[in-house]
Amino acid sequence: GAGVSQSPRYKVAKRGQDVALRCDPISGHVSLFWYQQALGQGPEFLTYFQNEAQLDKSGLPSDRFFAERPEGSVSTLKIQRTQQEDSAVYLCASSPEPPAKNIQYFGAGTRLSVL
Amino acid sequence: AQKVTQAQTEISVVEKEDVTLDCVYETRDTTYYLFWYKQPPSGELVFLIRRNSFDEQNEISGRYSWNFQKSTSSFNFTITASQVVDSAVYFCALSEVGDDKIIFGKGTRLHILP
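Residues numbered from 1 in each chain as written. Chains lettered and ligands numbered in written order. Predicted model: local features only at pLDDT ≥ 70, side-chain atom pairs only at ≥ 80, totals over all residues. Heavy atoms only, no water.

### Side note on the overall build of chain B
Across its full length, chain B holds 0 helices and 12 strands. Moving toward the C terminus, one meets the helices and strands of chain B in the order β-β-β-β-β-β-β-β-β-β-β-β. By its C-alpha atoms, chain B is 45 × 25 × 20 Å across when sized along the principal axes. Counting across all 114 residues of chain B, residues that qualify as buried make up 44%. (Helix = DSSP H or I, 4+ residues; strand = E, 2+ residues; numbered from the N terminus. Buried < 20%, exposed > 50% of the residue type's maximum accessible area, 1.4 Å probe, protein only.)

### With respect to the pattern of salt bridges
Residue and element names in this part refer to chain A. Counted by the stated rule, this structure contains 7 salt bridges over all chains. The closest approach of N and O atoms between Lys-78 and Glu-68, which form a salt bridge, is 3.3 Å. Of this pair, Lys-78 sits in strand 8 (residues 75-79) while Glu-68 sits in strand 7 (residues 65-68), placing them 10 residues apart in sequence. Residue classification places Glu-68 among the partly exposed residues on the basis of a relative accessible area of 26%. (Salt bridge = Lys/Arg side-chain N within 4 Å of Asp/Glu carboxyl O.)

### A few points about the state of the cysteines
All names here are of chain A. Evaluated as defined, the whole model comprises 2 disulfides over all chains. In this model, Cys-23 is linked to Cys-92 through a disulfide, with the two sulfur atoms separated by 1.8 Å. Every disulfide takes its handedness from the sign of the S-S torsion; for Cys-23 and Cys-92 that torsion is -70 degrees, giving left-handed. Remark: Cys-92 occurs in strand 9 (residues 88-95) and Cys-23 occurs in strand 3 (residues 19-24); sequence separation between them is 69 residues. Residue Cys-23 shares its accessibility class with Cys-92, and that shared class is buried. (Disulfide = S-S within 2.5 Å.)

### Side note on the sheet that holds strand 1 (residues 5-7) of chain A
Strands belonging to one sheet form pairs held by backbone hydrogen bonds; the direction of such a pair is parallel or antiparallel. Residue and element names in this part refer to chain A. As summarised here, the arrangement of the 4 strands in space is 1-3-8-7, forming an open sheet in which the pairing is antiparallel. The two strands at the open ends of the sheet, each matched to only one other strand, are strand 1 and strand 7. Strand-to-strand twist of the sheet, defined as the mean angle between neighbouring strand axes without regard to direction, takes the value 15 degrees. As judged from the 5 bridges shared by strand 3 and strand 8, these two strands associate in the antiparallel manner. Counterpart to Val-19 in the pairing with strand 8 is Ile-79. (Pairing = 2+ DSSP bridges. Axes fitted to C-alpha atoms, helices over the stretch in contact; angles between N-to-C directions.)

### With respect to the interface of chain A and chain B
Each partner contributes residues to the interface: chain A has 21 residues there, and chain B has 18 residues. Our count for the chain A to chain B interface comes out at 0 salt bridges. Taken together, the connections running from chain A to chain B amount to 6 residue pairs in polar contact (both at pLDDT 80 or more). The element that contributes the greatest number of residues to the side of chain A that touches chain B is strand 4 (residues 31-37) of chain A, accounting for 3 residues. Tallied by class, residues from the side of chain A that touches chain B come to 11 nonpolar, 7 polar and 3 charged. (Contact = heavy atoms within 4.5 Å. Polar contact = N/O pair within 3.5 Å; in protein donor to acceptor, adjacent residues only side chain to side chain. Nonpolar A, V, L, I, M, F, W, Y, C, P; charged D, E, K, R; others polar.)

### Details of the nonpolar core
Counting 23 residues, the largest nonpolar core has B:Trp36, B:Phe75, B:Phe77 and B:Tyr90 as its most contacted members. Not counting residues within four places of it along the chain, the set of residues in contact with B:Phe77 comprises B:Val19, B:Thr20, B:Leu21, B:Trp36, B:Leu48, B:Tyr64, B:Ser65, B:Trp66 and B:Tyr90. A:Leu60, A:Leu77, A:Ala88 and A:Val114 belong to the second largest nonpolar core, which has 20 residues in total. (Core = buried A, V, L, I, M, F, W, Y, C linked by side-chain atoms within 4.5 Å.)

These values are about where atoms sit, not about what they do.
Below you can see the structure in the form of C-alpha cells.
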C-alpha cells in the first residue's frame, strides 16, 4: 500500500510484559516520527528519526521506551516492563524531503492495552 | 513554549449547517507552520492543510476554509454545508521551523447529525 502501515493494530499485554510495535513508512520518506495518543487527547511526540539516525528522543516518557530504525526504513518502538499508564494509541508518521518536509502522514496506529 | 488550544471539546450540528472549529496557538518563533488534521473513527490522522506563518491569506478547498489571523494567533477552520461524513475529531497543530515535531491541540469532536 501507499500509506504508513503499523502493526499490530491492537495489542493486549499483561503488566510487566515487553511489547514491540512496528511501523512501515511511506516508501522514500526520510523522516519518521512516533507519537503517543491517550484517550481523548491529542497525539504527543515521542521520538524522531532522519534515516537511521535518532535525532530527537526528548518525548520518550521513561527509559523503558526504546525506538530503532536500523536500516532507515522500518521502525520498531519497544516498551519494556509495560505499565497500565502505557495504555494508549501509538501513532507513527513519516514525511518526505523539503519543501513538504514537515507534512507528516500518519498510520492508523497501534492500540495498546496493558492489563 | 509552544501550545495549541482548541477550546471546543465537542460540537454537534445538523447536516447542511456551517460549523467553525476554533484554534489558538502560542509560539515565540516568528517562523512556524500551522496544520489541521482529521481523525475519523478508523483512527488514522488525515492531513488537511499546512499554512506557514508568512502567508495570512485565507484558503478555501471545496467545503473547507481556513482563516489565519496572526494578530489574534488564531487559525480557525470552517466546514460549509456539513455532511455526516465530516463527523470526526479535528486537530489543530503547530510546528516551529527547525523543530521537526508537531505539537497538537486536544482536538474537537464534531458530530454531524442527519
